[in-house]
Amino acid sequence: SANFDLIAVMTLDEVYHWDAATEAALAYGSTDSKHPMVSEMARWNKVCISGPMKIVNMPKYYDFVNLRQTPAEVRALLEDMGHDNVVAFQTRNPIHRAHEYLIKCALEIVDGFLIHPAMGETKSDDVPASARMDCYLALIEHYFPAGNVALSAFPYAMRYAGPREAILHALIRQNYGCTHFIVGRDHA
């Protein structure tokens, strides 16, 4: 018997072929193999399947377990904190002085702030997740106004798709209960 965790079951509706270079050009505006996703897509199978899915089990994580919340859990947390207008801030780096300034400015116009770091696979030269999380936790505990800033790990691997991905990130944050989203200078 196979040793795996069942996450979902798909009812197969369609099987089709796709071309990595065409899809990369459309999604990322590039076919350069130095782009992380273009390189990854070149290794994918050329046959895709699609159809409705039924979730059986949520994925299991072994790091930051208490901070890996579903959208419904984050919405409930923000509601319990009494926040109606919440800014989401996604990062894959430690929070630096410019980020800190953005957070402080945002808190002048909204009542809540969600630090929502991408905790999936990132680039090989990124700061390790544990060091980043230590930074976020220290700032929340010792620096930001109590009760105004929440932290939740975002189970997402960056795609590096530029503005298209920034829009995707904003839409995802709506699902998490946020009304505003900060986009950095080189976001995604």
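Whatever comes next refers back to the structure up there.
A few points on the structure. Positions within a chain are numbered from 1, following the residues in the order the chain's sequence is written. Local features in this predicted model are restricted to residues whose pLDDT is 70 or higher, and side-chain atom pairs enter the listing and the counts only when it is 80 or higher, whereas totals over whole chains, interfaces and linings include all residues. With hydrogens and water set aside, each side-chain value is computed from the structure's full complement of heavy atoms.

On to the overall build of the protein. Strands are runs of DSSP state E lasting at least 2 residues, helices are runs of H or I lasting at least 4, and numbering of each runs from the N terminus. The helix and strand tally for the protein stands at six helices and eight strands. Counting helices and strands in the order they occur from the N terminus, the protein gives β-β-α-α-β-β-α-β-α-β-α-β-α-β. Principal-axis analysis of the C-alpha atoms gives the protein an extent of 50 × 40 × 30 Å. Here the contacts in the protein between residues at least 6 apart in sequence split such that 76% fall between residues at least 24 apart. As presented, the protein carries roughly 11500 Å² of accessible surface, and 55% of it is formed by carbon and sulfur atoms. Within the protein, one finds 16 positive and 22 negative side-chain charges whose respective centroids are separated by 5 Å. We call two residues contacting when some pair of their heavy atoms lies within 4.5 Å. For the area figures, the Shrake-Rupley method with a 1.4 Å probe applies, and any residue is considered shielded solely by the protein chains shown. The charge count treats Lys and Arg as positive and Asp and Glu as negative. His and the chain ends do not count. Where a charge sits is defined by one atom per residue type, namely NZ (Lys), CZ (Arg), CG (Asp) or CD (Glu).

The pairing of strands in a sheet happens through backbone hydrogen bonds and is either parallel or antiparallel. If DSSP finds at least two bridges between two strands, the strands pair. A sheet is described by the order of its strands in space; here four strands give the open sequence 7-6-5-8, paired in parallel fashion. One side of each edge strand has no neighbouring strand; the edge strands of this open sheet are strand 7 (149–151) and strand 8 (180–182). Taking each pair of neighbouring strands and ignoring which way they run, the sheet shows an average axis angle of 25°. Strand direction decides the pairing type here: strand 5 (residues 86–89) and strand 8, joined by three bridges, are parallel. Paired with Val 87 across the strands is His 180, a residue of strand 8. Angles run from 0 to 180 degrees between N-to-C directions of axes, and those axes are lines fitted to C-alpha atoms, restricted for helices to the stretch in contact.

In this fold, Ser 30 is placed in the loop between helix 1 (20–28) and helix 2 (36–42). Only protein chains enter the accessibility calculation, which uses a 1.4 Å probe; a residue whose area is less than 20% of its type maximum is buried, one above 50% is exposed, and one in between is partly exposed. On the accessibility criterion, Ser 30 (18% relative accessible area) is buried. Here Asp 32 takes part through its backbone nitrogen, which lies 3.0 Å from a polar atom of the side chain of Ser 30. Every residue in contact with Ser 30, bar those within four places of it in the chain, is listed here: Ala 24, Ala 25, His 35 and Val 38. Polar contact criterion, stated in full: a pair of N or O atoms within 3.5 Å, where within protein one must be able to donate a hydrogen and the other to accept it, and residues adjacent in sequence count only if both atoms are side-chain atoms.

Alternating positions in strand 5 separate into two faces, Val 86 and Ala 88 on one and Val 87 and Phe 89 on the other, with burial throughout. Here strand 5 pairs with strand 6 (residues 112–115) via four bridges, running parallel. Directly across from Ala 88, in strand 6, lies its bridge partner Leu 114.

This part takes up the environment of Ala 76. With respect to the helices and strands, Ala 76 occurs in helix 3 (residues 71–80). Along the backbone, Ala 76 and Tyr 176 are 100 residues apart, and their C-alpha atoms lie at a distance of 9.3 Å.

This part takes up unusual backbone geometry. Phi angles above zero are rare outside glycine, and Phe 64 is one such case at about 50°. On the secondary structure map, Phe 64 appears in the loop between strand 4 (53–55) and helix 3.

Under the convention used throughout, the expected extent of a helix is 1.5 Å for every residue step, that is, one less than its residue count. If you check helix 6 (residues 163–175), its first and last C-alpha atoms are 19 Å apart, about what 13 residues at 1.5 Å a residue would give, namely 18 Å. For helix 6, the full list of buried residues reads Glu 165, Ala 166, His 169, Ile 172 and Arg 173. Taken end-on, helix 6 shows its buried residues confined to a sector of 120°, consistent with a single buried face. Along helix 6, the residues that are exposed and aim more than 90 degrees away from the buried face are Pro 163, Ile 167 and Gln 174. On its buried side, helix 6 packs onto strand 5 and strand 8. Directly beyond the C-terminal end of helix 6, a positive phi value near 95° is found at Gly 177. Relevant arc is that of directions from the helix axis to the C-beta atoms, nothing else.

Assignment of secondary structure puts His 35 in the loop between helix 1 and helix 2. Apart from the residues within four sequence positions on either side, His 35 is in contact with Tyr 28, Ser 30, Arg 159 and Tyr 160.

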